[in-house]
Structures are given as structure tokens and as C-alpha cells.
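For reference, the chains in residue letters:
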Amino acid sequence: MSLKFNLSKTEKEFDKLKRRKSGKVSVKDLSGFIKSYLNEAGSDLVYHEPVDFEYEPIGFLPRVENLKVRKWAVEIHSLWKSLSRKVDDRVIENPDLHTILPLKYPMVIPGSRFREVYYWDSYWVIRGLLASKMYESAKSVVYNLISLVDEYGFVLNGARAYYSNRSQPPLLSSMVFEIYKRTNDLSFVKKSLPALLKEHKFWNSGVHEVKIQDSEGCIHSLSRYYAMWNKPRPESFTIDKESALKLLSDSDKQLFYRELASTAESGWDFSTRWMRNQSDLTTLATTSILPVDLNTYILKMELDIATLAKTIGDSLTAEHFSEASEARRTAINSIFWNSEKGQWFDYWLSNNFEEVHKWEAQGQNQISFASNFIPVWIELFNSDDSKMEKVIKSFQSSGLLCAAGIATSLSHSSEQWDFPNGWAPLQHMIVEGLARSGLKEARCMAKDIAVRWIRTNYETYKETGTMHEKYDVEACGKFGGGGEYVPQTGFGWSNGVVLAFLEEFGWPQDLEIGC
Ligand SMILES: OC[C@H]1O[C@H](O[C@H]2O[C@H](CO)[C@@H](O)[C@H](O)[C@H]2O)[C@H](O)[C@@H](O)[C@@H]1O
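Residues numbered from 1 in each chain as written. Predicted model: local features only at pLDDT ≥ 70, side-chain atom pairs only at ≥ 80, totals over all residues. Heavy atoms only, no water.

J.: Quick question: what am I supposed to make of the pattern of salt bridges here?
T.: Side-chain pairing between opposite charges can occur once the charged atoms of the two side chains come close. Within this structure, the stated rule accounts for 28 salt bridges. Notably, a salt bridge pairs Glu 13 with Lys 16, separated by 3.1 Å at the nearest N-O pair. Highlighted residues: Glu 13 and Lys 16, both in helix H1 (residues 7–16), separated by 3 residues, approximately one helical turn. With a closest N to O distance of 3.4 Å, Lys 81 and Glu 49 form a salt bridge. Of this pair, Lys 81 sits in helix H3 (residues 67–83) while Glu 49 sits in the loop between strand E1 (45–47) and H3, placing them 32 residues apart in sequence. According to the relative accessible area criterion, Lys 81 is partly exposed, its value standing at 34%. Beyond isolated ion pairs, a larger network of salt bridges with shared partners links Arg 127, Glu 178, Lys 181, Glu 432, Arg 436 and Glu 504. (Salt bridge = Lys/Arg side-chain N within 4 Å of Asp/Glu carboxyl O. Helix = DSSP H or I, 4+ residues; strand = E, 2+ residues; numbered from the N terminus. Buried < 20%, exposed > 50% of the residue type's maximum accessible area, 1.4 Å probe, protein only.)

Below, the structure written as C-alpha cells:
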């Protein structure tokens, strides 16, 4: 909610409210205060008609022949209109009254409670916009994120002042790369490259950088999530305070708050993946983990920067980043890859204080998580047939592949990034990687998972009239749950992934869409 008057006047009026003995304010008085001094939530963004929206653009999903599916795809495509926003002029004129950041370009929000731009969501929003032929809208999303890098040195978790203490999975280079592939717009690449270089530095220096020596004595540099914050997350303040109640000392509470915010930086908030004890959230240890997926995204960032720099004739940068990608590939192979199990495992640091950590076999977390398979997204890995044969076998027996898609984990923790939830971004990266593999078996598997995912999205849409943030993959036609907020609808990345899958695999006339 934004302020109607400046902060000091608002605080003064708040302090004047009548307090009971306990120090509490009555609900009536508090409601009155909110009405008088705060604007309605969401009023700082206004609807925006995308300049490049057409009801059914030329060349839209040419391989979708089935009429039911086509009609549904057109409906999803038209959701871009309802999710398009622009920051209200009043925010630009008076930014101090608002937590929303004064972004200049039109944007696409995920939906429901998420009424601001989110970083990693934007990658799948863009994939959908590209399938919808909305190239200008896709570029606007990137220009906003670049402006955050210019201002803060990194892309924020989301475009709110209270997100300025952390980032999210870094996919800006992937966004630029996909847009360039479709538009060949060199001036767009030239404008974007400096921000990509700056972002690379953010993830490879200071608290995010970790040095680790492998079993053969080679020292590698990898990255971790680490929020610059040790207080409750402002957007979930009371929840975090309650979660911390059982911790006694202030310093333990602060450490826990940092772990909560760092887990939000990972995009997987929350999951047993980051917990020492799977049934106790206060054992979150995200800053002590080298995550497979984060380092895969950074490897992709390095490969993307090398290619993009080359296209604009900057051979020095291209050479530097292709060397950096080679070093990270070696590091991923030696720290995360487990040849016997055919998976890449997160690496748990034995303590958080050493300058150079020493790799130990027991540091690999061998529990099944969808993130153990994210490296297949990268050509460097999916083009290696002998590795992929192992990975496919391992994936098939992992238990993660379910009736309606890939489960996030096998743990029934009631956290939202655990079983039985399946998330659109994870389906997309694994499916796209399998589809690009040279192995026929991997390509068939990719299509099979995409069909399951599209069906469950369709069936749930028909049932509830909306697209969901996450789905329950145990059975077709169920949306997901768990976690600290009620399930959200709208929904940016789910729409993007359905459109991207339909673009890649099509949908023949005679293939049944229902569950
Ligand atoms: O408000 C609680 C948390 O909500 C966000 O996280 C979830 O939604 C995001 C938007 O779709 C998504 O990017 C993230 O992966 C989800 O877990 C937010 O990103 C968190 O920082 C926030 O604390």
C-alpha cells in the first residue's frame, strides 16, 4: 500500500492512535488509519494496452491443429492484456510514497498477489510473449530489468523497494538471447550487454562467490545465494517473526532471517532442499549450499554473453566469457556431477567460514530434486550422448516424473517447492533440454512430459476458469498448494510455458486434450 502523505506525517499519525495496556491498537482504529493514510494496494500500477497485441497474430502457433486447444491458446494469449501494467505517473513524480519502483517501460506481472514485476518469472513471460509475436512487449520487460541493474548493480527479486536486498535466479542473459534469436536486433544486444557484464560481476564477487578445491587439488570458483538482509522479509514480516519465535538469541534470529531471504533469492521459497532437518524451517542453510541450478544459469549467462559479444564484434569480451564458461563447466563436472548416480547434486559446505573449501564426497546432497536435472537445459550437457544416457535412466527412476508432470521433490513437507507441486519453469527447462538432445529417447520423453503438463493446465483451466501459479502433479487437473500464501492465479510463467510448449510440439487434430 502506498502512502497518502509523507512518511514522517504518517508515522506521527500512527503514533497518535489510542493504545491499549498491551500496546495494541483496536481493529476499528487501525482500519480507520489505513483508510485515511494509505492508498489501496495495487493502485500504483495502471492497466496498459500492449502496443503489439493482436487477437490472433499471423503465424501464431502454426502446429496447433486441434480446435479446442487452439481456442484455449488464444484465450491464454489474450491474458497478456490483463497482466500488462505501467507504473502510475504519480509514482514517478513522488517515488518516496511508494514501495513500487518507478520503472519506465510497460511490464507484465505474474498475477493476483504478485502485482509487480518478478525477475525469473519474466524469462517465461518473455518466452510466451515471443510465441505471441509480441516482440516490443518482450523488449520492454528487459529494459525495465536493465534499469534495475543500472540503479542497484543487479536485478532485484521484484520491482519493489523491499526487494532491494536480494536478487533471484539470474536469467537476464537468457531473455536477451531469446529475443535476439527472434528479432536479430543488434542495437537491442548493444544496449543490453553492459548490464549483463555488471550482473555477472554481482554473482561472482563478494558474498555470492565461493572458492572450492576439488579432489585433485584444483581450485574452482562457484556461486551461491546470499541475501544482504538479516531481518524479517518486509513482505512476510509477521510470518517470519513467528517462524523465528523458537530461536532464543537475537544473533540466531538474524542468521535465520538471512537464510529466509537467501532462500527467497533462490526462487525456491521454501523447500526441504535448503533445510538441514526436513521438518524444521529454522534449519534453513541456503547460504551454505552451492546450488546446481544457480551455477547452471551462470554458465548459461557466460555462454550467452560470449555469443552476444561476438555478434556485435566485441571479440575480447567474447573470448573472456568463453574462457569463464569453460572454467565453470569444469567446476560443475567436478563439484556437482555424480557419474554413478547420473545426476548433478547440490554441494553442502561443511562450514561457512573457510576461504577455500575442500570438496568431500559426502558434501553432495543425493536427495531427489528437480534441480538435479536442470543442467540438461544447457547444450554443453544435453549434446553429450553418453552423459545423457545416464541422466535419462536416473531421471526415469528418480520418482520425480509423475502423472501430470515433474515433481519439485519427493518430500511431502507442505512447503510449496516440494511434493506434490510441479512448477512451470522447472518443466520447461528440463523438457527443452531433453528435446534438444541427440537421443531419440530423450526427445520422446520431452514430448510426453510436455503433453502431460499441457493437459493438466487445460483441464484445471476448464474447471476453475484460470491459469495457476503451480500444479499438483500427482493427478491431471489439479492445482498446487502449500507454503505461506494461498495459491495464486493469473499466471505469467504458466501462460508462457504453455505457449512455448505448444509452439515447440504443436497439438495434432486427433490428440485428445482432456485428462
Ligand atoms: O511473498 C512471499 C514470496 O513470494 C515470492 O515468491 C514466489 O512467487 C514469485 C512470483 O511468482 C516466484 O518468483 C517465486 O519463485 C515464488 O516462490 C517472492 O519472490 C519472494 O521473494 C517472497 O518472499
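J.: Looking at this structure, how should I read the site of the ligand?
T.: Around the ligand there are 21 residues in total, and Arg 113, Asp 121, Glu 235, Gly 267 and Asp 269 lie nearest to it. Within the contact set of the ligand, an oxygen atom lies 2.9 Å away from a side-chain nitrogen or oxygen of Arg 166. Here an oxygen atom of the ligand sits 2.9 Å away from a polar atom, N or O, in the side chain of Gln 168. Each residue belonging to the shell around the ligand can be placed in one class, and the counts come to 9 nonpolar, 5 polar and 7 charged. (Near = heavy atom within 4 Å. Polar contact = N/O pair within 3.5 Å; in protein donor to acceptor, adjacent residues only side chain to side chain. Nonpolar A, V, L, I, M, F, W, Y, C, P; charged D, E, K, R; others polar.)

J.: When you look at the sheet that holds E1 in this model, what are you seeing that I'm missing?
T.: Backbone hydrogen bonds are what pair the strands of a sheet, in a parallel or an antiparallel way. Read across the open sheet, the 3 strands follow the order E1-E2-E3; overall the sheet is antiparallel. This sheet does not close on itself; its edge strands, each paired only once, are E1 and strand E3 (107–108). As defined by bridge partners, strand E2 (residues 84–87) adjoins E3 across 2 bridges and the pair is classed as antiparallel. Residue Ser 84 lies in a different strand from E3, and its bridge partner there is Val 108. Set on the sheet, H3 makes contact with E1, E2 and E3; between it and E2 the angle comes to about 20°. (Pairing = 2+ DSSP bridges. Contact = heavy atoms within 4.5 Å. Axes fitted to C-alpha atoms, helices over the stretch in contact; angles between N-to-C directions.)

J.: So what exactly am I meant to see when it comes to the pairing of strand E4 (residues 209–213) here?
T.: Regular strands place side chains that alternate from one sheet face to the opposite one. Alternating positions in E4 separate cleanly, Val 210 and Ile 212 being buried on one face and Glu 209, Lys 211 and Gln 213 remaining unburied on the opposite face. Where E4 and strand E5 (residues 219–223) come together, 5 bridges link them in antiparallel fashion. Within E5, the position partnered with Gln 213 by the bridge is Ile 219. What sits between E4 and E5 in their antiparallel hairpin is a turn of 5 residues, with Gly 217 showing a positive phi close to 90°. Sheet topology places E4 next to strand E10 (residues 356–358); 3 bridges connect them, and they run parallel. Residue pairing across strands places Ile 212 opposite His 357, the latter belonging to E10.

J.: Which parts of the structure should I look at to understand helix H6 (residues 135–152)?
T.: At 3.6 residues per turn, the α-helix brings residues three or four places apart onto the same side. The end-to-end C-alpha distance of H6 is 26 Å, a good match for the 26 Å that 18 residues give at a rise of 1.5 Å each. Those residues of H6 that fall on the buried side of the exposure criterion are Ser 137, Ala 138, Lys 139, Ser 140, Val 141, Val 142, Tyr 143, Asn 144, Leu 145, Ile 146, Leu 148 and Val 149. Elements in contact with the buried residues of H6: E3, helix H5 (121–131), helix H7 (172–183) and helix H8 (186–203). Positive phi appears at Gly 153, one or two residues downstream of H6, with a value of about 90°. (Expected span 1.5 Å × (residues − 1).)

J.: Just checking my understanding: could you explain the sheet that holds E5 for this structure?
T.: One open sheet accounts for 3 strands, arranged E5-E4-E10; its pairing is mixed. Edge positions in the open sheet fall to E5 and E10, since each of these has one partner strand only. Geometrically, the sheet is characterised by an average inter-axis angle of 40° between neighbouring strands, direction not taken into account.

J.: Quick question: what am I supposed to make of the side chain of Arg 166 here?
T.: Mapped onto the elements of the fold, Arg 166 is located in the loop between H6 and H7. At 2.8 Å, the side chain of Arg 166 forms a polar contact with the side chain of Asn 157. Setting aside residues no more than four positions away along its own chain, Arg 166 makes contact with Phe 154, Val 155, Leu 156, Asn 157, Ala 227, Met 228, Arg 233, Glu 235, Ala 261, Ala 264 and Glu 265.

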